[in-house]
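Listed below, chain by chain, are the residues.
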Protein chains: 2
Amino acid sequence: MTVRFAIGDGLRNRIAAGELPAQSAIPSERELAQQWGVSRMTVRAAIDDLVGEGLLIRHQGRKTLVAGEKINRAAGFTSFSEEMRLRGWQPHSQVRQVTTLPADVAIAAQLNLPPGARVILIERLRFADDEPLAHEFVYLPHSRFPELAGMDLAQASLYDLLEQTYGVRPVYAEESVEAMLMPANEAELFGLKAGAPALLTRRVTRDEEDNLIEAATTLYRGDRYRMVLARRR
Amino acid sequence: MTVRFAIGDGLRNRIAAGELPAQSAIPSERELAQQWGVSRMTVRAAIDDLVGEGLLIRHQGRKTLVAGEKINRAAGFTSFSEEMRLRGWQPHSQVRQVTTLPADVAIAAQLNLPPGARVILIERLRFADDEPLAHEFVYLPHSRFPELAGMDLAQASLYDLLEQTYGVRPVYAEESVEAMLMPANEAELFGLKAGAPALLTRRVTRDEEDNLIEAATTLYRGDRYRMVLARRR
DNA sequence: TCGCTATACTGGTCTATACCAGATCGACAA
DNA sequence: TTGTCGATCTGGTATAGACCAGTATAGCGA
């Protein structure tokens, strides 16, 4: 644990505990530096982190303030499992197929693979509290994740598996969202009627080294699911 | 212009010019420090900025690499006008009403105003290349932007007006997106039939000082509009 | 009482230096 | 030939100081 993270966590905890409420000022950088017995630059680095997370707001000449409502402040993305748990629902999945197959042109282009390269397809019906909420197709390059096909994807989060098995962390995603009407065959899966509102998202995800990890297409039932996002700048 | 920004811009330009293509390594921090005649910490600060923008990727022990496809790399949000122009469409608006009225409980809560406080309502039909694409209701606190009601909102971007007139920059937004079926009265506006797919977004926006600026509800026609987003972490 | 200014805060930038930690690669030994 | 060890790259953290640039305010003078 570096000093920098220790200072950051200290402030985070004081904010979480309500000791530093929203709109209140944190101690000045010089004060914190003296309290921790470190140089001011180190304190600045720690505060930089929290500002980047949207927890603190700086003002030259004024003091550094605690931003309002820390909840949902991370402008990032989460896996389906994480997202459902955050909303207080119990997620699980029904794996409909896990196969490796040659990528068609569209998938190959999305993953930047040579045409015909092998990809792993994971098709899952995803439930929240035992109700089907989304139908998901995920494609991953087989060359990078060869053992993935044999793993248990019903309970575990795909992202957790990727991190634990391959040390890969998805950190960047480009996503598109559109509204459509539920086609008959999909409607059947959800127990809905054709023509019900649905949300279709397409996503490609990259790791810290900018490598493409997955291409995913997900159809959500529109009557139960609302996408929530936070964006900065 | 600080040295830090100059170094950042220098790298940005070299990347934009193709001199530093994707996946290539930028000079080491020590090299850059010597070339610019500054200390290494200053170079690091400049590189930090570009890493934050997603333009560069660091690896301890390895060199710092240029990330792929700078396009759409900003994980931020844009106004309708900006967004349409980015996609190559000509935006314009038909202002249907601009009024100030007492906020109902929902709007007051969203903008964190006392119940009954006055808000400005701007209702616009938004066009891309002369085709109606979205129907938007924006609420802003009247106390903060009293002169806004008299301004020309048909051509100008609301965000531009806020920045030029009040020095307010929207930097943070929380947004929800859901799919719905177009109700009959809305469908008429778009020249569509009731039951067509539609995307409903609700958004609250904050400025750099974490003050609530606007609450907006927008209904997009689902057959022409797809929301695109980039997310990090 | 009102308005200005001097001062003492705040954060913002920058230096010069030190050492730590991960990655790479060549030389040398088994 | 193969492996391993170390030199030497890289970025990561931290120091102790300096000065710049906004902001608030106490107090003084009109």
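Below is a summary of the structure that appears in this document. Since the model is a prediction, treat every value here as computed from it, not as a measurement.

**Here we look at the sheet that holds strand β3 (residues 91–102) of chain A**
Next, step 1: Spatial ordering of the open sheet is given by β3(A)-β4(A)-β5(A)-β8(A)-β7(A)-β6(A)-β9(B), a layout of seven strands whose pairing is antiparallel. This sheet does not close on itself; its edge strands, each paired only once, are β3 of chain A together with β9 (227–232) of chain B. Looking at each pair of strands side by side, their axes are set apart by 15 degrees on average, direction ignored.
Next, step 2: Both strand β5 (residues 131–141) of chain A and strand β8 (residues 212–221) of chain A contribute to a ladder of six bridges, which runs antiparallel. Bridged to A:Phe137 within β8(A) is A:Thr217.

**Section: the protein's contact with DNA strand D**
Next, step 1: Of all residues adjacent to DNA strand D, which total 22 residues, the nearest are A:Thr2, A:Arg4, A:Thr42, A:Gly61 and B:Ser28.
Next, step 2: Only α1 (3–16) and α3 (40–52) of chain A together with α2 (29–36) and α3 (40–52) of chain B provide two or more residues apiece to the surface near DNA strand D.
Next, step 3: Split by residue class, the surface near DNA strand D holds four nonpolar, nine polar and nine charged.

**Regarding the interface of chain A and chain B**
Next, step 1: Taken together, the 34 residues of chain A in the interface contact 32 residues of chain B.
Next, step 2: Elements represented by at least two residues in the side of chain A that touches chain B include exactly β6 (170–181), β7 (197–207) and β9 (227–232) of chain A.
Next, step 3: At eleven residues, the largest contribution of residues to the side of chain A that touches chain B is made by β6(A).
Next, step 4: Here the side of chain A that touches chain B is composed, by residue class, of 18 nonpolar, six polar and ten charged.
Next, step 5: Pairing between β6(A) and β9(B): six bridges, direction antiparallel. Residue pairing in the sheet places A:Ser176 in a bridge with B:Val228 of β9(B).

**Some points on the relation of the copies chain A and chain B**
Next, step 1: The transform that puts chain A on chain B rotates by 180 degrees and translates by 0.0 Å along the axis, for an RMSD of 0.2 Å. The two molecules are tied by a two-fold rotation axis, judged by turn and shift. Every residue of chain A has its C-alpha some distance from the rotation axis, and the shortest such distance is that of A:Ala179, at 2.6 Å.
Next, step 2: Comparing interface residues between copies, 94% of those in chain A also lie at the interface in chain B; the contact surface is shared.

**Some details on the environment of A:Glu163**
All names here are of chain A.
Next, step 1: Examined against the element boundaries, Glu163 turns out to sit in helix α6 (residues 158–166).
Next, step 2: Residue Glu163 is classed as partly exposed on the basis of its 14 C-beta neighbours within 10 Å.
Next, step 3: Beyond its immediate sequence surroundings of up to four residues, Glu163 is in contact with Val168 and Arg169.

**Quick notes on the environment of A:Arg232**
Next, step 1: Along the chain, A:Arg232 falls in strand β9.
Next, step 2: Spatially, the C-alpha atoms of A:Arg232 and A:Glu53 are 9.7 Å apart, while their sequence positions differ by 179 residues.

**Things to note about the protein's contact with DNA strand C**
Next, step 1: If you check the shell around DNA strand C, you find 23 residues, and the closest are A:Ser28, B:Thr2, B:Arg4, B:Thr42 and B:Gly61.
Next, step 2: For the surface near DNA strand C, the elements supplying multiple residues, two or more each, are α2 (29–36) and α3 of chain A together with α1 (3–16) and α3 of chain B.
Next, step 3: No other element matches α3(B), which puts four residues into the surface near DNA strand C.
Next, step 4: Of the residues contributing to the surface near DNA strand C, the split by class is five nonpolar, nine polar and nine charged.

**So, unusual backbone geometry**
Residues and elements named next belong to chain A.
Next, step 1: Residue Asp129 is not a glycine yet carries a positive backbone phi of 50 degrees.
Next, step 2: Despite not being glycine, Asp130 has its phi angle at roughly 70 degrees, a positive value.
Next, step 3: Note on placement: Asp130 falls in the loop between β4 (118–128) and β5.

**Observations concerning the packing of α2(A) against α3(A)**
All names here are of chain A.
Next, step 1: Closest axis-to-axis distance for the α2/α3 pair is 8 Å, and the angle between their directions is 110 degrees. Classified by the angle between their axes, α2 and α3 sit roughly perpendicular to one another. The way α2 lies across α3 gives a crossing that is right-handed. Packed against α2, whose contacting residues are Glu29, Arg30, Leu32 and Ala33, the element α3 presents Arg40, Val43, Arg44 and Ile47 at the interface.

The rules behind each value
- Residues numbered from 1 in each chain as written.
- Chains lettered and ligands numbered in written order.
- Predicted model: local features only at pLDDT ≥ 70, side-chain atom pairs only at ≥ 80, totals over all residues.
- Pairing = 2+ DSSP bridges.
- Helix = DSSP H or I, 4+ residues; strand = E, 2+ residues; numbered from the N terminus.
- Axes fitted to C-alpha atoms, helices over the stretch in contact; angles between N-to-C directions.
- Near = placed C-beta within 6 Å.
- Nonpolar A, V, L, I, M, F, W, Y, C, P; charged D, E, K, R; others polar.
- Contact = placed C-beta atoms within 7 Å.
- Least-squares fit on C-alpha atoms with pLDDT ≥ 70 in both.
- Buried ≥ 20, exposed ≤ 12 C-beta atoms within 10 Å, placed from the backbone.
- Parallel < 35°, antiparallel > 145°, perpendicular 65-115°, else oblique.
- Left-handed = near helix turned anticlockwise from the far one by under 90°.

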